[in-house]
Amino acid sequence: MADIPVYLIAGFLDGGKTDFINGILEDGFAREDKTLLICCEEGELEYEQKALDNVTVVTVDEETALTCSQCKEWEKQYKPKQVLIEYNGMWSMERLYREVLPANWVLYQVMTFVDANTFETYAKNMGQIMMEKITNADLLVFNRCTDELKAALRKRNLRMVNRRADIYLEDLNGNSEDYNDGEVCPFDLNQPVINIPDDDYGVWYVDVMDYPDRWAGKTVHMKLLMCHSKKYPGTHCPGRFAMVCCENDVQFLGLVAKGVDLNKYKNRDWVEVEARMALENHSAYKGKGPVMHIISIKPCEKPANEVVTF
């Protein structure tokens, strides 16, 4: 059977999913190819009828009603060339991937839309459900942003949980800007030794991973948790544990380090290091990445907050 591309539009109620779908349909997304639109959530907006000439809309009210057999029946009945799914924000994306989509329905793109005004509430009360939508996204849009909300979202460093997505912040007038344009470094690069405060490790990690070239040749000083890689024997990768939204998304953020004294320390030993940064090829990065050349290292007390938060 021929592959059918699937475009998944995810997010919570009033996040802007229907508005986005209306926009792409009016721009001619379905003009050439017969399209099946699966609506799993009815919001305040309705689909623009004038843009549905080549689109068949089906509605699913219950998560259990969205099944692989039902998808196959729709395929047989409507013969779509592509599928759009407006997905219910409270439904599991894992179930959709594993149990629902037929083998020839190929997931091409996941687009997640979030109302910036309600993001903090959802992240606090339904962190796992929210993070699932963010970590799976290829495109992530926060809409209805004020300047204050933009600053708060950037402070969270969402790049830590999804480094591949294109992330945009949309203001109240519909104007969009890149979540991280890279023009301004969050640290003073003119210092001979750049001190990375304990609570700012996550901010530094995101910046050095996104822009390793501007850190190459710089000397940094910080506290780290020692880690010796099991996956890449002989590789040392000290770092910190970090939490972006909730306890379920805690992850270790480490960098490749080189130095003669690194073997003296055990996994999870706290160390204070001064290192000169470089941009080098390494298997752990599957290409080039930031490497810490240790100038000095010594044991130290753990920080007041062992897990970096945002």
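What comes next is a walk through the structure. From a predicted model like this one, the values you see are computed outputs, not experimental measurements.

**Looking at the overall build of the protein**
Tallying secondary structure elements over the protein gives 8 helices and 16 strands in all. If you line up the protein on its principal axes, its C-alpha atoms span 70 × 40 × 35 Å. Residues classed as buried in the protein amount to 49% of the 310 residues present. In the protein, of all internal contacts separated by at least 6 residues, the share reaching a separation of at least 24 is 71%. For the protein, the accessible area works out to roughly 15,800 Å², and carbon and sulfur atoms hold 46% of it. Separation of charge centres in the protein, based on 35 positive and 50 negative side chains, amounts to 8 Å.

**Observations regarding the nonpolar core**
By size, the foremost hydrophobic cluster in this structure holds 30 residues, and its most contacted members are Y201, W204, W215, V220, M222, L255 and M292. When residues of this core are traced back to their parent elements, those giving at least two are helix 7 (201-210), strand 10 (219-225), strand 13 (256-258), strand 14 (270-282) and strand 15 (287-299). Among all residues touching L255, those that are not within four sequence positions of it are Y201, W204, Y205, V208, M209, H236, C237, P238, M277, Y285, P290 and M292.

**Some words on the sheet that holds strand 8 (residues 176-178)**
The strand order across the open sheet formed by 8 strands is 3-2-4-1-5-6-7-8, and the pairing between neighbours is mixed. Looking at the sheet topology across the chains shown, the edges are occupied by strand 3 (55-59) and strand 8. Neighbour-to-neighbour, the strand axes of the sheet open up by a mean angle of 20°, direction not taken into account. In this structure, strand 6 (residues 139-145) lies alongside strand 7 (residues 166-171), joined through 5 bridges in parallel fashion. Looking at the pairing, V141 lines up with Y168 of strand 7.

**Re the environment of C68**
Considering the arrangement of structural elements, one finds C68 in helix 2 (residues 68-78). Between the C-alpha atom of C68 and that of N125, which follows or precedes it by 57 residues, the distance is 31 Å. Excluding its chain neighbours within four sequence positions, the residues that come into contact with C68 are E99, V100 and P102.

**A look at the pattern of salt bridges**
For the structure on display, the rule yields 11 salt bridges. A salt bridge links E177 to R154; its shortest N-O distance comes to 2.9 Å. Of the two residues, E177 is situated in strand 8 and R154 in helix 6 (residues 147-156); the sequence distance between them amounts to 23 residues. Under the relative-accessibility criterion, E177 is labelled partly exposed at 32%. Of the charged contacts, one joins K264 and D261 as a salt bridge, the two residues approaching to 3.2 Å between their closest N and O atoms.

**Quick look at helix 7**
Counting buried positions along helix 7 yields 7 of 10 residues, so the element is predominantly enclosed. Those residues of helix 7 that fall on the buried side of the exposure criterion are Y201, G202, W204, Y205, V206, D207 and V208.

**What to know about a negative patch on the surface**
A cluster of acidic side chains, namely D19, E26, D27 and E48, defines a negative patch on the protein surface. Within the secondary structure layout, D27 lies in the loop between helix 1 (17-26) and strand 2 (35-39). Assessed through its relative accessible area of 64%, D27 is described here as exposed.

**With respect to the side chain of K17**
Among the secondary structure elements, K17 is positioned in helix 1. Of the residues examined, K17 reaches a relative accessible area of 3% and is grouped as buried. One polar contact links the side chain of K17 to the main-chain carbonyl oxygen of G11, over a distance of 3.1 Å.

**Some points on the environment of C40**
Residue placement: C40 occurs in the loop between strand 2 and strand 3. In the structure, C40 is positioned 172 residues away from P212 in sequence and 42 Å away in space, judged by C-alpha atoms. What C40 contacts, discounting residues up to four positions off in sequence, is V60, L66, I85, E86, Y87, N88 and W91.

**Section: the state of the cysteines**
For the structure on display, the rule yields 0 disulfides. No disulfide involves C39; its sulfur sits 6.8 Å from that of C40, the nearest cysteine. With relative accessibility at 5%, the residue C39 sits in the buried group.

About the cut-offs
Residues numbered from 1 in each chain as written. Predicted model: local features only at pLDDT ≥ 70, side-chain atom pairs only at ≥ 80, totals over all residues. Heavy atoms only, no water. Helix = DSSP H or I, 4+ residues; strand = E, 2+ residues; numbered from the N terminus. Buried < 20%, exposed > 50% of the residue type's maximum accessible area, 1.4 Å probe, protein only. Contact = heavy atoms within 4.5 Å. Areas by Shrake-Rupley, 256 points an atom, 1.4 Å probe, with all protein chains shown as cover. Lys, Arg positive; Asp, Glu negative; His and termini not counted. Charge placed at Lys NZ, Arg CZ, Asp CG, Glu CD. Core = buried A, V, L, I, M, F, W, Y, C linked by side-chain atoms within 4.5 Å. Pairing = 2+ DSSP bridges. Axes fitted to C-alpha atoms, helices over the stretch in contact; angles between N-to-C directions. Salt bridge = Lys/Arg side-chain N within 4 Å of Asp/Glu carboxyl O. Patch = residues over 30% accessible without salt bridge, like charges linked within 9 Å, V, L, I, M, F, W, Y side chains within 5 Å. Polar contact = N/O pair within 3.5 Å; in protein donor to acceptor, adjacent residues only side chain to side chain. Disulfide = S-S within 2.5 Å.

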